[in-house]
Amino acid sequence: PDLEHIHKELKRNGVNKKLLWREYIEHCRLSKQQPLMYSQFCYYIQQDEEKRQATMHIPRKPGERIEVDWAGDPACIIDRVTGEKIKAWVFVAVLPYSQYTFVEAFTDQKQKSWLRAHIDMYAFFGGVSKLLVPDNCKTAVIHNNNWYTPKLNTSYHELAAHYDTAIIPARVRKPKDKSSAEGNVGHISTWIIAALRNEQFFSLTELNAAIRERVDAWNHRLFQKRDGSPAELFLMEEKPCLADLPAYPYEIAEWKTATVQYNYHISAEGMLYSVPYEYIRKTVDIRITDSLIEVFYNHTRIASHPRIYGRKGQYSTQQEHMPANHQKFLAWNGDRFRKWAESIGVSTYQVIDSILTSHKIEQQGYRSCMGLLHLADKHGAGNLENACRQALSFSSHPSYKGIKNLLATQRPQESDVPRPHGLTRGAAYFARRKDND
């Protein structure tokens, strides 16, 4: 019989050996061949299946890879207030060569917990392997439809780049690709989770402390078929082969997208951060850490800000991100108006200072200050200083409008009267000269 065809057909729903044998007999009748009995037919199928189940031992090199996975059975902690049992998911990491194992519990299996588990794992091992072999969970792999080009989660890929290691996800429904982690998950479930089933833990810290004790005992157990323990083999042969840890651990980052608003700001975690105004209405990527907000456009960083905490809706604005006319408006402040007034005279300075301090919000007086100081262009600095001096004698808080009216009725100073140009000797001079002639 065509054993390759039979092997494929048996995977289909409702297909069994009896049905395939009958089809085989019909095929033999049409081709005028002698068919096998049903027992012989099944014997050949069994022989073929045994050949297909052949396994290969792949020798692991020390420090070559770390296999990671979530344990199937969760532990639990108890809420002190409500008494409710909260599931605690157990992360397992194994070095296949030495079987040295790291275990830590988390209250969820989300991205932040997945990344935190890896950071703690590398600190526990004290080094980095060349390869990292995870499962196909969404926190690691976005999709793995094509085994040759899996698409990794951005944050997970960034973590691997920080630790200078390569991520090779296991194939879908192929547990043998990470057999050490899969095998140890079962052992860990019995050795740790089941062993702690009768104990009560009221915090994740208490649970992880108990887990560490059990893991330490697990790593120091003696091998059955070789000498020593995982801890001894790790320290003697595997740890020297691990690459050094980076100077500082990876800082957990979350990636989001946003559209730049017309006020050239993007919203991240309830706060607003500026980007160069040229990117208005563009879609950008945002990298969020506990301390920093970074904005990227087409994989190029275009802005970064210290992260803001507290009341929602706060702004972080960098002046160089503004259009030129916005920068000029922002440049005006009380100190700049006072320096300008001081260059004209003491009285002008006093009036400007009075206008700025008379408002509850200083910016409310900026327009009056601008208008008053521009009066010097029309009437002269000396006349403006005199008007301010006169206004201060009437009131301790003169207004822009009052000084403007004073200048409109004030005689201009001689120094401020423009000197005539052209002939300056006059008619009398030329009359005297005519008489002398």
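In what follows, the structure referred to is the one given above.
These numbers were taken from a predicted model, which means no experiment stands behind them. (Residues numbered from 1 in each chain as written. Predicted model: local features only at pLDDT ≥ 70, side-chain atom pairs only at ≥ 80, totals over all residues. Heavy atoms only, no water.)

Before going further, it helps to examine the environment of Val-94. Tracing the backbone through its elements, the reader meets Val-94 in strand S3 (residues 85-95). Look at Val-94 and you get buried, because its relative accessible area is 0%. (Helix = DSSP H or I, 4+ residues; strand = E, 2+ residues; numbered from the N terminus. Buried < 20%, exposed > 50% of the residue type's maximum accessible area, 1.4 Å probe, protein only.)

This paragraph deals with the sheet that holds strand S10 (residues 265-268). Backbone hydrogen bonds hold the strands of a sheet together, and the pairing may be parallel or antiparallel. The strand order across the open sheet formed by 3 strands is S10-S11-S15, and the pairing between neighbours is mixed. Bordering the open sheet on either side are S10 and strand S15 (315-316), each of which pairs with just one other strand. Bridge count for S10 against strand S11 (residues 271-274) is 4 bridges, and the pairing is antiparallel. Bridge pairing in S11 places Ala-268 opposite Met-271. (Pairing = 2+ DSSP bridges.)

Moving on: the sheet that holds strand S13 (residues 292-297). A sheet is described by the order of its strands in space; here 4 strands give the open sequence S9-S12-S13-S14, paired in antiparallel fashion. Edge positions in the sheet fall to strand S9 (254-259) and strand S14 (300-306), since each of these pairs with one other strand and no more. The average angle at which neighbouring strand axes cross in this sheet is 25°, direction not considered. Strand direction decides the pairing type here: S9 and strand S12 (residues 283-288), joined by 6 bridges, are antiparallel. The residue of S12 that forms the bridge with Thr-259 is Thr-283. (Axes fitted to C-alpha atoms, helices over the stretch in contact; angles between N-to-C directions.)

In the sheet, S13 pairs with S14 via 6 bridges, with the strands oriented antiparallel. Bridging across to S14, Leu-292 finds its partner in Pro-306. As consecutive antiparallel partners, S13 and S14 are separated by 2 residues, and within that stretch Asn-298 has a phi angle of approximately 55°, a positive value.

Close contact between helix H10 (residues 334-344) and helix H11 (residues 346-358) brings their axes to 7 Å; oriented N to C, the two are set at 160°. One finds that H10 runs roughly antiparallel with respect to H11. In terms of crossing hand, the pair formed by H10 and H11 is right-handed. Every residue of H11 that contacts H10 at Gly-334, Phe-337, Arg-338, Ala-341, Glu-342 and Ile-344 is listed here: Thr-348, Tyr-349, Ile-352, Asp-353, Leu-356 and Thr-357. Taken together, the residues that form the contact of H10 with H11 break down as 6 nonpolar, 3 polar and 3 charged. (Parallel < 35°, antiparallel > 145°, perpendicular 65-115°, else oblique. Left-handed = near helix turned anticlockwise from the far one by under 90°. Contact = heavy atoms within 4.5 Å. Nonpolar A, V, L, I, M, F, W, Y, C, P; charged D, E, K, R; others polar.)

Time to look at the pattern of salt bridges. In the structure shown here, the tally under the stated rule is 14 salt bridges. The shortest N-O distance in the salt bridge between Asp-120 and Arg-116 comes to 3.7 Å. Note that Asp-120 and Arg-116 are positioned in helix H4 (residues 111-125) at a spacing of 4 residues, about one turn of the helix. Classification of Asp-120 by relative accessible area gives partly exposed; the value is 22%. In this structure, Lys-256 and Glu-254 form a salt bridge, with 4.0 Å as the shortest nitrogen-oxygen distance. You can call Lys-256 partly exposed: its relative accessible area is 34%. Residues participating in the shared-partner salt-bridge network are Glu-158, Arg-287, Glu-294 and Arg-301. (Salt bridge = Lys/Arg side-chain N within 4 Å of Asp/Glu carboxyl O.)

On to the pairing of S3, then. Across a regular strand the side chains alternate sides, sitting on one face of the sheet and then on the other. Here strand S1 (residues 65-70) pairs with S3 via 4 bridges, running antiparallel. Bridging from a neighbouring strand, Glu-67 pairs with Val-94 of S3. Relative to S3, strand S2 (residues 75-78) is paired through 4 bridges, and the arrangement is antiparallel. Looking at the pairing, Ile-78 lines up with Lys-85 of S3. Turn length for the S2-S3 hairpin, with the two strands adjacent in sequence and antiparallel, is 6 residues, and the turn residue Gly-83 shows positive phi of about 80°. Sheet topology places S3 next to strand S4 (residues 100-106); 7 bridges connect them, and they run antiparallel. What sits directly across from Phe-91, in S4, is Glu-104. Counted between consecutive antiparallel strands, the loop separating S3 from S4 contains 4 residues, among which Gln-99 sits at a positive phi close to 65°.

None of the figures reported here should be taken as evidence of function without further support.
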